[in-house]
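Each chain, letter by letter, is given below.
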Amino acid sequence: MSRLFALVSLVFFITNCAALAVLPDSTQPREATPVARAIEPSGSAGGLQVKFRAKGKMYFGTCADPNTLNIASNTNVLKKDFGQLTPENSMKWDATEPSRGNFNFGNADTLVNWATSNGKLIRGHTLVWHSQLPGWVNSINDRNTLVCINLRRSLLGMKVLIQNYRRPLSKTTLKALQAGMLGKSTWDVVNEIFNEDGSLRSSVFSRVLGESFVTIAFQAARKADPAAVLYINDYNLDSANAKVRGLVNLVNRVNQANPGTIDGAGTQMHLQANGAGGAQAALSALAAADVKEVAITELDIVNASANDYTAVVRACLNTPKCVGITVWGVSDANSWRSGSNPLLFDRSYNPKAAYTAIINML
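None of these values were measured; they are calculated from a predicted model.

Q: Please clarify how the pairing of strand 9 (residues 322–327) should be interpreted in this entry.
A: Successive residues of a regular strand alternate their side chains across the two faces of the sheet. For strand 9, the tally of buried residues reaches six of six residues, placing the bulk of the element in the interior. Where strand 1 (residues 59–64) and strand 9 come together, four bridges link them in parallel fashion. Across the sheet, the residue bridging to Tyr59 is Gly324, located in strand 9. Regarding topology, helix 14 (residues 306–317) serves as the crossover connection from strand 8 (residues 293–301) to the parallel strand 9, and that connection is right-handed.

Have a look at this one:
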């Protein structure tokens, strides 16, 4: 995305933000079922994506960014096994606007270009998060300013996906357009907003706006891309615990007051060894909320045992609203938890026993 476009959009919001901020969400509530995506994600016969799709789920995905897209062994696995990509860092606020009005979407564009060229779904990650947040955002104390910045971030960040879906169309994408599905990307709108007891985490958003920041963030995202599938996402939602209850209660409050605001609930599932026992209870509890779908969004498991991984996959298979699983990386070599060897492929990109066990169970 060009700097000129970003600056023009910034001027637009300085001029119009106050009016936009009070507009009601015009999106009508959708059916309480998983939302169709823009494309049928690609994968190779016998791989995770194709086998998982055959079980009725939408995708088996992973995360990536330019630093791993430059590794041939990594991209070979991406093409074969994974149908969806989440940018690991390139769409976070510190990456896209490190200083106020200074925009950089280069790495995000690279990820989106690769994904769309290779037939992969994209999960935007993330619009509102207390971490990896530029200092200039943390210093905002004025309600209207923070609301306006939220609206602008959604417009600019989500246009990275929208504009790429307006590229010259392949036959598959053209069919999606004709079916009215083009642009139905997925976004983690708010990320990690809860304490472990289910209460709201203290952040610049909750301090300045209170709980209303959740509705504001989702309505801003809906204005930027009315067709997008919008998620609330968090970690330690690994059993039917207090944090899960806090999320479910908040989602129900928001969607009762403004129907159709939040589409989905995501559980990251960064698990310890032998920690998959609560996965089914967690997914069942999240699916009971007033959402259309749920997903496992950042899965990795210490030591990557076959039993743990198959338990998580089985839990998604057993939950009708669970649309997909995203593992947080391909190879242990590039994992944020590399010392615990938590992924499905070893440091040489060889599939582990957990990978084989998933393939066999599918």
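Q: Looking at this structure, I do not really get helix 15 (residues 353–361). What am I missing?
A: Spacing of three or four residues puts side chains on the same side of an α-helix, whose turn is 3.6 residues. Burial in helix 15 covers these residues: Ala354, Tyr355, Ile358 and Ile359. End-on view of helix 15: buried residues confined to an arc of 140°, all on one side of the axis. Away from its buried face by more than 90 degrees, helix 15 exposes Ala353 and Asn360. Tucked into the core, helix 15 has its buried residues touching helix 2 (48–54), strand 1, helix 4 (72–81) and helix 14.

Q: How do you make sense of the nonpolar core when you look at a structure like this?
A: A general tendency of soluble globular proteins is for nonpolar side chains to be buried together. Ranked by internal contacts, the top residues of the largest apolar core, which has 89 residues, are Phe60, Ile232, Leu299, Tyr309 and Leu344. For this core, the element with the highest residue contribution is helix 11 (residues 212–224), accounting for eight residues. With near-sequence residues (within four places) excluded, Leu344 lies in contact with Leu48, Phe60, Tyr309, Val327, Val330, Asn350, Pro351, Lys352, Ala354, Tyr355 and Ile358. Met58, Val229, Tyr231 and Ala295 belong to the second-largest nonpolar core, a separate cluster that totals seven residues.

Criteria and cut-off values
- Residues numbered from 1 in each chain as written.
- Predicted model: local features only at pLDDT ≥ 70, side-chain atom pairs only at ≥ 80, totals over all residues.
- Heavy atoms only, no water.
- Buried < 20%, exposed > 50% of the residue type's maximum accessible area, 1.4 Å probe, protein only.
- Helix = DSSP H or I, 4+ residues; strand = E, 2+ residues; numbered from the N terminus.
- Pairing = 2+ DSSP bridges.
- Right-handed = clockwise from strand over helix to strand, strands pointing away.
- Arc of directions from axis to C-beta.
- Contact = heavy atoms within 4.5 Å.
- Core = buried A, V, L, I, M, F, W, Y, C linked by side-chain atoms within 4.5 Å.

So, to be careful, I would describe these as geometric facts and stop short of saying anything about function.
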